[in-house]
Every structure is written in structure tokens, then in C-alpha cells.
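Chain residues, written in single-letter form:
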Amino acid sequence: MFQVFLTGNNSAYFTISPTAVQGRADIRVRVAIPLDYELIQSYSFSLYANESMSDHVGFSHVFIELINENDNRPIFSKPLYNISVPENTEPGTSLLRILVSILVRPLAAFTKLRIFKLIG
């Protein structure tokens, strides 16, 4: 019988099961608390298996690199846009320019996207 546990700077973000193993087992590593690419892009920790005798220890290093997902909501420069358009406006006429920003990192500059809405 041996015990399995995580150690390292980022080990609190993950859990493992089972933590006690007899013979052989598949160890599952699961996310324990939400991961956020904007705060931490990669995680590393060590997985240890320790039998009752002190010299019977095995370990493996685990490195996890997050893939960024766009989880931030776009922010418009105004909450409401009102425009007046003559009824004889030609198709393809540019009616409104809207600036939308997406926060990419906390307390960092905004990435600006320009959207041109064409109504015809």
C-alpha cells in the first residue's frame, strides 16, 4: 500500500484520487479551484507516491499549460446608440461606428476592435 500526494507551488489548484493505492491504479488529477489564464498561464507541481519505507518513493513532475479562452465580456464605448436615418439612404451606406474593447489582462491596456455596422 502506498500514499499519493501533490506538492509544489500550484498543487492547491488540483486534487488527486485515489490518494491510497494497493498495487497499481490510475491516478486522476482534477481541477480543485477555477483556473484563469489572465492570472496564471501555466501550472506545475510534483506527484509523489510514498510506500511505508522511506526509500520507496516515486515521483513525477507535472506541467500544465492553459489555453486561453475568451472569457471576458466586450465593453462598448456607450451603453446606448441612437441614430436617425433618412428613408432614402442607399444600401451599403455606413451608418454608425462603434468602438468595442475587450479586457485581455487585469489592469492592462484594452485591445481595441472597431466594428462598422452596415445597414442596407
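None of the values given here were measured: they were computed from a predicted structure.

As for the nonpolar core
Among the nonpolar cores identified, the biggest contains nine residues, and these are Val4, Leu6, Phe14, Ile16, Val21, Tyr43, Phe45, Leu47 and Leu66. The set of elements that each furnish at least two residues to this core consists of β1 (2-7), β2 (14-17) and β5 (42-51). Examining the composition of this core, we find that three residues originate from one element, β5, more than from any other. Here phenylalanine 45 is in contact with Leu6, Thr7, Asn10, Ser11, Phe14, Val29, Ser60, His61, Val62 and Ile64, once residues within four sequence places are set aside.

Re unusual backbone geometry
Here serine 17 and proline 18 are connected by a cis peptide whose omega angle stands at -5°. Looking at where proline 18 falls in the secondary structure, it is placed in the loop between β2 and β3 (20-21).

Quick look at the packing of aromatic side chains
Under the defined criterion, the tally for this structure stands at five aromatic pairs. Ring centres of phenylalanine 14 and tyrosine 43 lie 5.7 Å apart, and the angle between their planes is 85°; on these two criteria the pair is classed as edge-to-face. Residue phenylalanine 14 is found in strand β2, and its partner tyrosine 43 is found in strand β5; the two are separated by 29 residues along the sequence. On the basis of relative accessible area, phenylalanine 14 is assigned to the buried category, the value being 6%. A residue is classified by how much of its surface remains accessible, and tyrosine 43, at 1% relative accessible area, is buried. Ring centres of phenylalanine 14 and phenylalanine 45 lie 5.1 Å apart, and the angle between their planes is 40°; this geometry places the pair in the tilted category. Residue phenylalanine 14 is located in strand β2, and its partner phenylalanine 45 is located in strand β5; the two are separated by 31 residues in the primary sequence. The same class applies to phenylalanine 14 and to phenylalanine 45, which are both buried.

Some points on the sheet that holds strand β6 (residues 57-65)
Spatial strand order, β3-β1-β5-β6: four strands in an open sheet with antiparallel pairing. Edge positions in the open sheet fall to β3 and β6, since each of these has one partner strand only. The pairing of β1 with β3 spans two bridges and is antiparallel. Paired with glutamine 3 across the two strands is alanine 20, which belongs to β3.

Regarding the confidence of the model for the protein chain
Taken residue by residue, the protein chain gives an average pLDDT of 80. The fraction at 70 or more is 83%. Predicted confidence is poor over residues 107-120, with pLDDT under 50, and the contacts of this stretch with residues over four places away or in other chains come to 36 contacts.

Looking at the environment of phenylalanine 76
Among the secondary structure elements, phenylalanine 76 is positioned in strand β7 (residues 75-76). Its relative accessible area of 44% is what places phenylalanine 76 among the partly exposed residues. For phenylalanine 76 and valine 100, which are 24 residues apart along the polypeptide, the C-alpha to C-alpha distance reads 4.5 Å. In contact with phenylalanine 76, other than residues within four places in its own chain, are Tyr81, Ile98, Leu99 and Val100.

The rules we used
- Residues numbered from 1 in each chain as written.
- Predicted model: local features only at pLDDT ≥ 70, side-chain atom pairs only at ≥ 80, totals over all residues.
- Heavy atoms only, no water.
- Core = buried A, V, L, I, M, F, W, Y, C linked by side-chain atoms within 4.5 Å.
- Buried < 20%, exposed > 50% of the residue type's maximum accessible area, 1.4 Å probe, protein only.
- Helix = DSSP H or I, 4+ residues; strand = E, 2+ residues; numbered from the N terminus.
- Contact = heavy atoms within 4.5 Å.
- Phe/Tyr/Trp six-rings, centres within 6.5 Å; stacked < 30°, edge-to-face > 60°.
- Pairing = 2+ DSSP bridges.
- pLDDT = per-residue confidence, 0-100.

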